[in-house]
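Examination of the molecular architecture
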Amino acid sequence: LPAQGSLLYLDTLRAAFPQALAPRGTALLSWAPGHPRAPAGWPLPTLYCTPAEAGALPSRAAALRVQLLFALQERALRVLEAGLAAELHDALAALRADWPGLAQDLALGRLSPLPGLPEGARVQLQALLVPNTARAAELRAECACGFEGIVQRLWPQLEVVVVGTAHGAERLYCDALRQADCKGLPFYCPFYQAAGALLGVNLWPEEPAPRFLLCPDWAFFEFLPCPTEEETQTVLLGELWEGREYGLVLTAQPGEYRCRAGEVLRVAGFHKQCPMVEPVRRESQALSVRGESIPEERFCRSLCRAVGMWPGARLVDYVCVESALLGASSGACAPHYEVFVELRGLRDLSEGQRYKLDQCLQEDFPIYKSFRFKGSIGPLRLHLVGAGAFARLREALGSPLPMPRVLREERLLQLIQSTVIS
């Protein structure tokens, strides 16, 4: 990260949350395999109670559990930071599943052996732990009372949750955390990054929807007005219009390469003549079996609307697959969408409930409705997967980047198919 970006983040965080920069007052939950470094790259590593080596373990699940254990040691946390909202969700899922084991490790000041935790790393990290029976007893008492608002009950001085990404499907996790485990806490997404480059900073941490101020010195920006036409010329920062959407063309270090970043942004306004943007969608994440091209974020909106018609259900996560990628297992009907969802509060769906998603798509996308009417697109198929299926999918993906919601990789398709419960 450019030093200017780190300093802007720290200054913005301190202004909004005066105690946020307390020494060892920040815990990190983020997986960066094979790259031990100062947490998140900030210039003040003394802020963190989390050893950098904990995030570099070969297993994502092991890294998040170890980081969670170090976070639980510090009752006086001010900031809980996660690279992705999904990482925070998965760490708290590990807390739900194994809080007695975590409490025992706290009480004894030890790090239990874990799959994906090399013995040498375990001994090295365990040397940083100290027995804390009082904190272990507090953990047991709070978890025994349930997990609604558990984050603020475990860390009563916590001021803010910082997440690296809060747009796209990561919003599902942010919303779920706000409603349950992290109830009552603000979420702050400080940076906008694309194509491996830092592009903007969010100077408004207390606003629920992140807006990012594009910083001209960090990259050279060009924009293609949406919808894109063949002969459209790119426009520059000073030529943007508020309220319009643009595809991002980026020239950034290292290498000074020029490329379409695959990101579509909406101009939300201007701050001292610099544009503020909101990420809208990724161009590569779209479903299309007959050229209809349904973007991920609009599909997600239709799915959330359908879930709202299933009493008691809450959407955890989902992926979509075009049926041609599944081969014979998708059946002999016309090309269609296969959708895999993980729900809480509901174990099964009737055929009528499953059809609600297809109905919502037809209402939201006239072109999809037309293809369905003509029979050139078959009925959507909806599958429920077991609890924790998407955490295992992220582990198998082996990448610290956000997981795609339109799957095109065969081994991941096979893995998600193996978790179907109905």
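Residues numbered from 1 in each chain as written. Predicted model: local features only at pLDDT ≥ 70, side-chain atom pairs only at ≥ 80, totals over all residues. Heavy atoms only, no water.

For the protein chain, the name recorded in an unreviewed UniProt entry is GHDC protein, with Cochlearius cochlearius as its organism.

**Structural notes on the packing of aromatic side chains**
All chains considered together, the criterion is met by 7 aromatic pairs. Measuring from ring centre to ring centre gives 5.9 Å for Tyr9 and Phe191, while their planes differ by 45°; the resulting arrangement is tilted. Taken as a pair, Tyr9 in helix α1 (residues 3-16) and Phe191 in strand β5 (residues 191-194) lie far apart in primary sequence, 182 residues in all. The pair Tyr9 / Phe191 is uniform in exposure class, with both members buried. With 6.3 Å between their ring centres and 10° between their planes, Phe221 and Phe223 make a pair best called stacked. Taken together, Tyr9, Tyr188 and Phe191 form an aromatic cluster joined through their ring pairs. (Phe/Tyr/Trp six-rings, centres within 6.5 Å; stacked < 30°, edge-to-face > 60°. Helix = DSSP H or I, 4+ residues; strand = E, 2+ residues; numbered from the N terminus. Buried < 20%, exposed > 50% of the residue type's maximum accessible area, 1.4 Å probe, protein only.)

**Section: helix α9 (residues 351-364)**
Under the 1.5 Å per step criterion, the end-to-end length of α9 is 20 Å for 14 residues, consistent within 8% with the ideal 20 Å. For α9, the set of buried residues is Arg354, Leu357, Asp358, Cys360, Leu361 and Gln362. Summarising the contacts, the buried residues of α9 are in contact with α8 (296-307), β15 (337-344), α10 (366-374) and β16 (381-384). (Expected span 1.5 Å × (residues − 1). Contact = heavy atoms within 4.5 Å.)

**Digging into the sheet that holds strand β1 (residues 26-29)**
In a beta sheet, neighbouring strands pair by backbone hydrogen bonds and run either parallel or antiparallel. One open sheet accounts for 4 strands, arranged β1-β2-β3-β4; its pairing is parallel. This sheet does not close on itself; its edge strands, each paired only once, are β1 and β4 (187-188). Taken together, the 2 bridges between strand β3 (residues 160-163) and β4 define a ladder with parallel strand orientation. Looking across to β4, one finds that Val162 is bridged to Tyr188. (Pairing = 2+ DSSP bridges.)

**Observations regarding the environment of Pro366**
Topologically, Pro366 is positioned in helix α10. In this structure, the C-alpha to C-alpha distance between Pro366 and Glu292, residues 74 residues apart in sequence, is 9.6 Å.

**So, the nonpolar core**
Soluble globular proteins: nonpolar side chains tend toward being buried together. Leu95, Trp155, Leu199 and Phe223 are the most contacted members of the largest nonpolar core, which totals 87 residues. Ranked by residues supplied to this core, first place goes to helix α3 (residues 85-108) with 10 residues. With sequence-adjacent residues up to four places away left out, Leu199 is seen in contact with Tyr192, Gln193, Ala194, Leu213, Leu214, Cys215, Trp218, Ala219, Phe221, Leu248 and Leu250. Ranked by size, the runner-up nonpolar core spans 30 residues in total, among them Ile294, Leu303, Leu343 and Val406. (Core = buried A, V, L, I, M, F, W, Y, C linked by side-chain atoms within 4.5 Å.)

**A closer look at the sheet that holds β15**
Strand order in the open sheet formed by 3 strands is β14-β15-β16, and the pairing between neighbours is mixed. The open sheet has two edge strands, β14 (314-322) and β16, and neither has a second partner. Between one strand axis and the next, the sheet turns through 25° on average, direction left out of account. Strand direction decides the pairing type here: β14 and β15, joined by 8 bridges, are antiparallel. Residue pairing for β15: Val319 is matched across the bridge by Phe340. Packed on one face of the sheet, α8 meets β14 and β15 and runs near 130° to β14. (Axes fitted to C-alpha atoms, helices over the stretch in contact; angles between N-to-C directions.)

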